[in-house]
Amino acid sequence: ETAVFQTPNYHVTQVGNEVSFNCKQTLGHDTMYWYKQDSKKLLKIMFSYNNKQLIVNETVPRRFSPQSSDKAHLNLRIKSVEPEDSAVYLCASSYEQYFGPGTRLTVL
Amino acid sequence: GEQVEQRPPHLSVREGDSAVIICTYTDPNSYYFFWYKQEPGAGLQLLMKVFSSTEINEGQGFTVLLNKKDKQLSLNLTAAHPGDSAVYFCAVNNYAQGLTFGLGTRVSVFP
């Protein structure tokens, strides 16, 4: 049963635009994460967020920022997308890592 | 930080045979370990999570062994079938840092 929801499934945009991806978990967990999976299937942690404490992977460009309204939601905003941002973005919940289905971003 | 080495990167398996994927990690404080399966165009499917040391865990068609002494996690696919063709990832969690993934193993099962 799906408990981590991501929208949209796909997004195509042009260089320089701003995009925002949503993630919601219904499991009551305190910690949520964003991961990036590139075209070579390489998966890397971007952010973790726990009780308003944000831990950022130092390799993540500043144009990326997480946004949380409550512990059930952690959205991902990209201020000005670049071609190398094309990837699948995966949201997860809890230290036990329940994953959402991902959002595939294509930057033209 | 944590580093995870996964091998082999590719695996061709005859249907009915077994196959082993091995991950070696570096941080002795890591304590959550995961195996995921990813089929083409799909998300990550959790196969198994392991929290204990030197434990054998059996799933449907596979066995997972965690050896914390050697900092090694393995996935053994038993009696492979075409539905096992996918990319498999190991992952290690050291508390609030999130998962560190291996680079993945692409498994192809042929008749």
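Data block above holds the structure.
Source: prediction; values computed, not measured.

A. Expanded view of the overall build of chain B. Each helix and strand in chain B was counted, giving zero helices and eleven strands. Going residue by residue from the N terminus, the α and β elements of chain B occur as β-β-β-β-β-β-β-β-β-β-β. Dimensions of chain B, computed from the C-alpha atoms along their principal axes, are close to 40 × 30 × 20 Å. Per-residue burial for chain B yields a buried fraction of 46% across its 111 residues. Within chain B, contacts between residues at least 6 apart in sequence are counted, and of these 55% link residues at least 24 apart.

B. Representation of the interface of chain B and chain A. Across the contact, 18 residues belong to chain B and 16 residues belong to chain A. With both chains or domains summed, chain B and chain A bury close to 1,600 Å², and 59% of this area falls on carbon and sulfur atoms. The interface formed by chain B and chain A contains zero salt bridges. Looking at the side of chain B that touches chain A, the elements with two or more residues in it are strand E4 (32–38), strand E9 (86–93) and strand E10 (99–101) of chain B. Broken down by element, the side of chain B that touches chain A gets its largest block of residues, four residues, from E4(B). Taken together, the residues that form the side of chain B that touches chain A break down as eleven nonpolar, five polar and two charged.

C. The pattern of salt bridges, seen in detail. All names here are of chain A. A complete count under the given rule lists seven salt bridges over all chains for this structure. One salt bridge connects Asp-30 with Lys-71, and the closest N-O pair in it is separated by 3.0 Å. Taken together, the positions of Asp-30 in the loop between strand E3 (19–25) and strand E4 (31–37) and Lys-71 in the loop between strand E7 (64–67) and strand E8 (75–78) put the pair 41 residues apart, joining distant regions of the chain. One salt bridge in this structure joins Arg-63 and Asp-85, with 2.8 Å as the shortest N-O distance. Separated by 22 residues along the polypeptide, Arg-63 in the loop between strand E6 (53–56) and E7 and Asp-85 in the loop between E8 and strand E9 (87–93) bring together distant segments of the chain. Neither residue differs from the other here; Arg-63 and Asp-85 are each classed as buried. Among the charged side chains, a network of salt bridges with common partners joins Arg-63, Glu-82, Glu-84 and Asp-85.

D. Fine view of the nonpolar core. Ranked by size, the top nonpolar core spans 25 residues in total, and within it B:Trp35, B:Val64, B:Leu73, B:Leu75, B:Tyr88 and B:Val107 carry the most contacts. Mapped onto this core, the elements with two or more residues apiece are strand E2 (10–14), strand E3 (19–25), E4, strand E5 (45–50), strand E7 (62–67), strand E8 (72–77), E9 and strand E11 (105–110) of chain B. Not counting residues up to four positions away in its chain, the partners in contact with B:Leu75 are B:Ala19, B:Val20, B:Ile21, B:Trp35, B:Leu47, B:Phe62, B:Thr63, B:Val64 and B:Tyr88. With 20 residues, the next largest nonpolar core counts A:Val4, A:Phe64, A:Val81 and A:Val107 among its residues.

E. Structural context of the packing of aromatic side chains. Applying the stated criterion across every chain, the model contains twelve aromatic pairs over all chains. Ring centres 6.1 Å apart and planes at 35° place the aromatic pair A:Phe64 and A:Tyr89 in the tilted group. Of this pair, A:Phe64 sits in strand E7 while A:Tyr89 is found in strand E9, placing the two residues 25 residues apart along the sequence. Exposure class is identical for A:Phe64 and A:Tyr89. Each is buried. Ring geometry for B:Phe34 and B:Tyr36: centres 6.0 Å apart, planes at 15°, overall stacked. Comparing B:Phe34 with B:Tyr36, the two get one shared label, buried. Through successive ring pairs, a cluster of aromatic residues spans A:Tyr33, A:Tyr35, A:Phe99, B:Tyr32, B:Phe34, B:Tyr36, B:Phe89 and B:Phe101.

The rules behind these values
The residue numbering used here restarts from 1 in each chain and proceeds along that chain's sequence as written. For naming, the first written chain is A and the first written ligand is 1, with later ones following in the order written. Predicted model: local features are reported for residues with pLDDT of at least 70 only, side-chain atom pairs are reported and counted for 80 or more only, and whole-chain, interface and lining totals are derived from all residues. Side-chain measures here rest on the full set of heavy atoms in the structure, leaving out hydrogens and waters. Starting at the N terminus, helices and strands are each numbered in turn, a helix being any DSSP run of H or I of at least four residues and a strand any DSSP run of E of at least two. Each residue is assigned to one of three classes by its accessible area relative to the maximum for its type, calculated with a 1.4 Å probe on protein chains only: buried under 20%, partly exposed between the two thresholds, exposed over 50%. In what follows, a contact means two residues having at least one pair of non-hydrogen atoms within 4.5 Å. Joining two parts hides part of their accessible area as seen by a 1.4 Å probe, and the buried area is that hidden amount summed over both. Just to be clear on terms, a salt bridge is a Lys or Arg side-chain nitrogen sitting within 4 Å of an Asp or Glu carboxyl oxygen. Side-chain classes follow a simple rule in which Ala, Val, Leu, Ile, Met, Phe, Trp, Tyr, Cys and Pro form the nonpolar group, Asp, Glu, Lys and Arg form the charged group, and the remainder, Gly included, forms the polar group. Only buried residues count toward a nonpolar core, which is a set of Ala, Val, Leu, Ile, Met, Phe, Trp, Tyr and Cys residues joined through side-chain atoms within 4.5 Å. Note on aromatic contacts: the rings of Phe and Tyr and the six-membered ring of Trp form a pair at centre separations within 6.5 Å, being stacked when their planes are under 30 degrees apart, edge-to-face when over 60 apart, and tilted otherwise.

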